[in-house]
Amino acid sequence: MKIAFLSESPADEAVLRILVEGALKEKPTVASAGYRARGWPNVLQVLPAVIRHLHFNTDVDTLVVTGDSDDSPVHTTAHDAPQYYHPHCRMCQLRAVFRQTGKRFPAAHGRLRVRRVVGVAVPALEAWLLCGVEDSVNEAAWTEGQARGILPYTRAELKLRVYRTERPSLPHEIACAVREAERHRRDLRRLEYDFPGFAALLRDLREPIPEIS
Amino acid sequence: MHVFGVIASVAFRNFKALRNTSLRLSPFNLVIGANGSGKTSLIQALQQLRALAKLPLGDPAAVTRVGGSEITFVFDAPHLGVTARLGCVDDVVCDLLRVDPVNAAEWEEVKVELATMRSYVFDHAAMAVPASRDSGQRLAGDGSNLAAVLARWQRETPAAFDRLQAELTRWLPEFTGIVLPEDAGGVVRLGLKIGDAEGPVMADNLSQGVFYVLGILVLSFDPAPPAVVCIEEIDRGIHPRMLREVRDALYRLSYPAAMGETRAPVQVIATTHSPYLLDLFREHPEEIVITQKHGHEAHFERLADRADLAELLRDGSLGDMWFSGILGGVPEES
Ligand SMILES: [Zn+2]
């Protein structure tokens, strides 16, 4: 298995690497370049080009992409129905880009397509990092808050709780993020249970790499 | 905790294109706008204030001049309530300074802080030139005494030198350290080590961006920094992925506590033309100032004052919005 990551920052990529390693129970080979997007919706804009590049120009077989949900609607099991697509749900949007981009590519480098591994952090990656530390932080609490119009926390609050400052330096941000990700690596079940947007990423990771039949 | 800058606000009347506009300043300010829209005029106004503050105050009655330019500064806590008004002969020369209240004891303290104020427009060619050992007291406005400043730090404040060197090698991992050979005449040259096997790369073979990085790091790790620093084009020569580091280096000045520093905050006024840098201020739009130019007249706007800010932030990146023209601060097209 050879994995590439498309993320918003080196801190995000460090977290994803640890979580993916935890799920695989091994260190996968990682593509040397870390691909970056400049937040949403830029990730949607660069994703087709990244998929095309990996498919034709590399032997990468798995692309891990995550986004923050911010204020967008949260993905639900109802969205997983065949042919369903929620135009404002970021999980649905990211999956759609994979679906449409790879559709007509001929097989290359011994695989049919680059495997899609997509997760969405609700409302931001820092919520995953606080999972298990602060019981009130979970996807259901956020979704309920959205429905009631009273959000349980803001993104800025989550960041402050993880980094203890509003303006963390990049090394400090990475150190805090890695510390929390390492805590999850040993046992991903709580994160999987509290954050369906992460559970979806794990499900994708368990799918086989699309082989040439 | 509220962090104060030295200067709370600046108001302009008939100073260059700034006919009638004012601006609240934060501890950190990133100024964006079209070329010639007033970004540099703002910094020039601060320089005029610094220059005049050094001189004895003139006769208060003589200060009001009909039709001339006027720039009014209001200072922040602990000097709240003190104002300084500059009167200018023309666009270039301001020769009058009136302080309110007259004879304010706080003015003496403000003056001390203003005297330390520095403005920078780095010039990579000047920064590459060897410098006299004794010229390194403060980094020059174009960075031209860079080698001497680093050599002085190495001699006198080795802890600061080590921190700068560690940060440099983290930003640019191809380098392993700084060398500052000095010749018999006391002239210091700058070079960067690239591992033990090969000799160092000396200044005339370093790329432009390396000098800009070094200039920013000297400001960021200065053990005795000025109270106010102005820096033009902070993104120049720097890879877009490294702009986060540039932002953080300047935050180290303005918000020292957030970076584990114990010294007083430095007020920073920086300019940029990089939408990628602007993207990094999504969580702190209060730090963004936009200069708007219409014909011959320019004025300032704070991004945080926009009524539709929440919607703007939801719709996409600040850099894309700036480029699109929604935020203003774009060149006029004929
Ligand atoms: Zn969905």
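Residues numbered from 1 in each chain as written. Chains lettered and ligands numbered in written order. Predicted model: local features only at pLDDT ≥ 70, side-chain atom pairs only at ≥ 80, totals over all residues. Heavy atoms only, no water.

Remarks on the state of the cysteines
In step 1: If you walk through the whole model with that rule in mind, you get 1 disulfide over all chains.
In step 2: Linked covalently through their sulfurs, Cys 88 of chain B and Cys 94 of chain B form a disulfide whose S-S length is 2.0 Å. Disulfide Cys 88 of chain B-Cys 94 of chain B: the torsion about the S-S bond is 80 degrees, which places it as right-handed.
In step 3: Assessed through its relative accessible area of 0%, Cys 88 of chain B is described here as buried.
In step 4: Looking at Cys 131 of chain A, it has no disulfide partner, and the nearest cysteine sulfur is the one in Cys 176 of chain A, 17 Å off. (Disulfide = S-S within 2.5 Å. Buried < 20%, exposed > 50% of the residue type's maximum accessible area, 1.4 Å probe, protein only.)

Topic: the sheet that holds strand E1 (residues 7-15) of chain B
Residue and element names in this part refer to chain B.
In step 1: One open sheet holds the 5 strands; their spatial order is E2-E1-E4-E5-E6, and the pairing between them is antiparallel. Every interior strand has two partners, whereas the edge strands, strand E2 (18-24) and strand E6 (94-100), have only one. For this sheet, the mean inter-axis angle between neighbouring strands, taken without regard to orientation, is 10 degrees.
In step 2: As defined by bridge partners, strand E4 (residues 69-75) adjoins strand E5 (residues 83-88) across 6 bridges and the pair is classed as antiparallel. Each residue of the ladder has a partner; that of Phe 73, found in E5, is Ala 84. (Pairing = 2+ DSSP bridges. Helix = DSSP H or I, 4+ residues; strand = E, 2+ residues; numbered from the N terminus. Axes fitted to C-alpha atoms, helices over the stretch in contact; angles between N-to-C directions.)

Considerations on the coordination of the zinc ion
Residues and elements named next belong to chain A.
In step 1: At the metal site, the zinc ion is ligated by His 75 (ND1), His 79 (ND1), Cys 89 (SG) and Cys 92 (SG), and these contacts range over 2.0 to 2.3 Å.
In step 2: In this structure, the zinc ion is surrounded by 4 donor atoms whose angles at the metal cover 103 to 115 degrees, and the resulting shape is tetrahedral.
In step 3: The sequence motif formed by the donor residues of the zinc ion is H-x3-H-x9-C-x2-C. Taken as a pair, Cys 89 and Cys 92 share a single burial class, namely buried. (Donors = N, O, S within 2.8 Å, 3.2 Å for Na, K, Ca; no water. Tetrahedral: all angles 85-135°; square planar, octahedral: opposite > 155°, others 65-115°.)

Here's the deal with the pairing of strand E13 (residues 228-231) of chain B
All names here are of chain B.
In step 1: Neither face of E13 is left uncovered, since the one carrying Val 228 and Cys 230 and the one carrying Val 229 and Ile 231 both have all their residues buried.
In step 2: Judged from the 3 bridges that link them, strand E7 (residues 118-120) and E13 form a sheet pairing that is parallel. For Tyr 120, the partnering residue across the bridge sits in E13 and is Ile 231.

Concerning the interface of chain B and chain A
In step 1: At the interface, 21 residues of chain B touch 17 residues of chain A.
In step 2: For the pair chain B and chain A, the two sides together bury roughly 1500 Å², of which 44% comes from carbon and sulfur.
In step 3: Between the two partners, chain B and chain A, sit 7 salt bridges.
In step 4: Ionic pairing is found between Arg 244 of chain B and Glu 173 of chain A, a salt bridge with its closest N-O pair at 2.7 Å.
In step 5: Taken together, the connections running from chain B to chain A amount to 9 residue pairs in polar contact (both at pLDDT 80 or more).
In step 6: Every element with two or more residues in the side of chain B that touches chain A is listed here: helix H7 (243-254), helix H8 (275-279) and helix H9 (309-315) of chain B.
In step 7: When residues of the side of chain B that touches chain A are assigned to their parent elements, the largest contribution, 5 residues, is made by H7 of chain B.
In step 8: Classifying every residue of the side of chain B that touches chain A gives 5 nonpolar, 3 polar and 13 charged. (Contact = heavy atoms within 4.5 Å. Buried area = accessible area lost by both parts, 1.4 Å probe. Salt bridge = Lys/Arg side-chain N within 4 Å of Asp/Glu carboxyl O. Polar contact = N/O pair within 3.5 Å; in protein donor to acceptor, adjacent residues only side chain to side chain. Nonpolar A, V, L, I, M, F, W, Y, C, P; charged D, E, K, R; others polar.)

With respect to helix H5 (residues 158-171) of chain B
Residues and elements named next belong to chain B.
In step 1: Given a rise of 1.5 Å per residue, 14 residues ought to cover 20 Å, and the 20 Å separating the end C-alpha atoms of H5 matches this to within 8%.
In step 2: Of the positions making up H5, those classed as buried are Ala 160, Phe 161, Leu 164, Gln 165, Glu 167, Leu 168 and Trp 171. Projected down its long axis, H5 shows its buried positions confined to an angular sector of 165 degrees, all on one face.
In step 3: Of the surrounding elements, those touching the buried residues of H5 are helix H4 (146-156), strand E9 (177-179), strand E11 (191-193), helix H6 (208-221) and H7. (Expected span 1.5 Å × (residues − 1). Arc of directions from axis to C-beta.)

A look at the packing of aromatic side chains
How two aromatic rings sit relative to each other is set out by the distance from centre to centre and by the angle between their planes.
In step 1: Taken as a whole, this structure holds 11 aromatic pairs over all chains when the rule is applied.
In step 2: A ring pair is formed by Phe 12 of chain B and Phe 15 of chain B, whose centres lie 6.0 Å apart and whose planes are at 25 degrees; its orientation type is stacked. Of the two residues examined, Phe 12 of chain B and Phe 15 of chain B, each falls in the buried class.
In step 3: When the centroid spacing of 6.1 Å and the interplanar angle of 75 degrees are considered together, the rings of Tyr 251 of chain B and Phe 281 of chain B count as edge-to-face. Note that Tyr 251 of chain B is positioned in helix H7 and Phe 281 of chain B in the loop between H8 and strand E15 (288-294), a separation of 30 residues in sequence.
In step 4: An aromatic cluster of three or more residues is present, and its members are Phe 28, Tyr 251, Tyr 255 and Phe 281 of chain B.
In step 5: Directly above the ring of Tyr 251 of chain B sits Arg 167 of chain A, whose terminal nitrogen or CZ lies 5.2 Å from the centroid.
In step 6: Looking at Arg 167 of chain A, its charged tip hangs above the ring of Tyr 255 of chain B, at a distance of 3.6 Å from the centre. (Phe/Tyr/Trp six-rings, centres within 6.5 Å; stacked < 30°, edge-to-face > 60°. Lys NZ or Arg CZ within 6 Å of the ring centre and 35° of its normal.)

Here's the deal with helix H7 (residues 170-186) of chain A
In step 1: Spanning 17 residues, H7 of chain A covers 25 Å between terminal C-alpha atoms, matching the ideal 24 Å at 1.5 Å per step.
In step 2: Taken together, the buried positions of H7 of chain A are Leu 170, Glu 173, Cys 176, Ala 177, Glu 180, Ala 181 and His 184 of chain A. Seen end-on, H7 of chain A carries its buried residues on one side only, within an arc spanning 140 degrees.
In step 3: Those residues of H7 of chain A hidden inside the fold are in contact with helix H1 (10-24), helix H4 (125-130), helix H6 (155-163) and helix H8 (189-194) of chain A together with H7 of chain B.

Focus on the side chain of Lys 39 of chain B
All names here are of chain B.
In step 1: The residue Lys 39 is located in helix H1 (residues 39-53) in this model.
In step 2: Buried and without a salt bridge, Lys 39 has Glu 233 as its closest oppositely charged side chain, separated by 5.1 Å.
In step 3: Of note is the side chain of Lys 39, whose polar atom sits 3.1 Å from the backbone oxygen of Ala 34.
In step 4: At 3.1 Å, the side chain of Lys 39 forms a polar contact with the side chain of His 273.
In step 5: In this structure, Lys 39 is in contact with Val 31, Ile 32, Gly 33, Ala 34, Thr 271, Thr 272, His 273 and Thr 291, ignoring residues within four places of it in sequence. (Lys, Arg positive; Asp, Glu negative; His and termini not counted.)

So, empty space enclosed by the protein
All names here are of chain B.
In step 1: What the rule picks out here adds up to 3 cavities of 30 Å³ or more.
In step 2: Approximately 60 Å³ is the volume attributed to the second largest cavity.
In step 3: Around the second largest cavity, the lining residues are Phe 122, Tyr 212, Ile 216, Ile 231, Glu 232, Glu 233, Ile 234 and Arg 236.
In step 4: Here the lining of the second largest cavity is composed, by residue class, of 5 nonpolar, no polar and 3 charged. (1 Å grid on protein atoms, 1.4 Å probe; cavity = no way out; pocket = protein on both sides within 12 Å on 5 of 7 lines; lining within 4 Å. Points joined across faces, edges and corners; volume = space filled by probe spheres on them.)

Here we look at the packing of helix H2 (residues 42-57) of chain A against helix H3 (residues 90-102) of chain A
Residue and element names in this part refer to chain A.
In step 1: Between H2 and H3, the least distance of the axes is 10 Å, while the angle of their chain directions is 30 degrees. With respect to H3, the element H2 is oriented roughly parallel. In this structure, the crossing between H2 and H3 has a hand that is right-handed. Residue-level inspection shows Val 43, Leu 44, Leu 47, Pro 48 and Ile 51 of H2 in contact with H3, the latter providing Gln 93, Leu 94, Val 97, Phe 98 and Thr 101.
In step 2: Among the residues forming the contact of H2 with H3, the class breakdown is 8 nonpolar, 2 polar and no charged. (Parallel < 35°, antiparallel > 145°, perpendicular 65-115°, else oblique. Left-handed = near helix turned anticlockwise from the far one by under 90°.)

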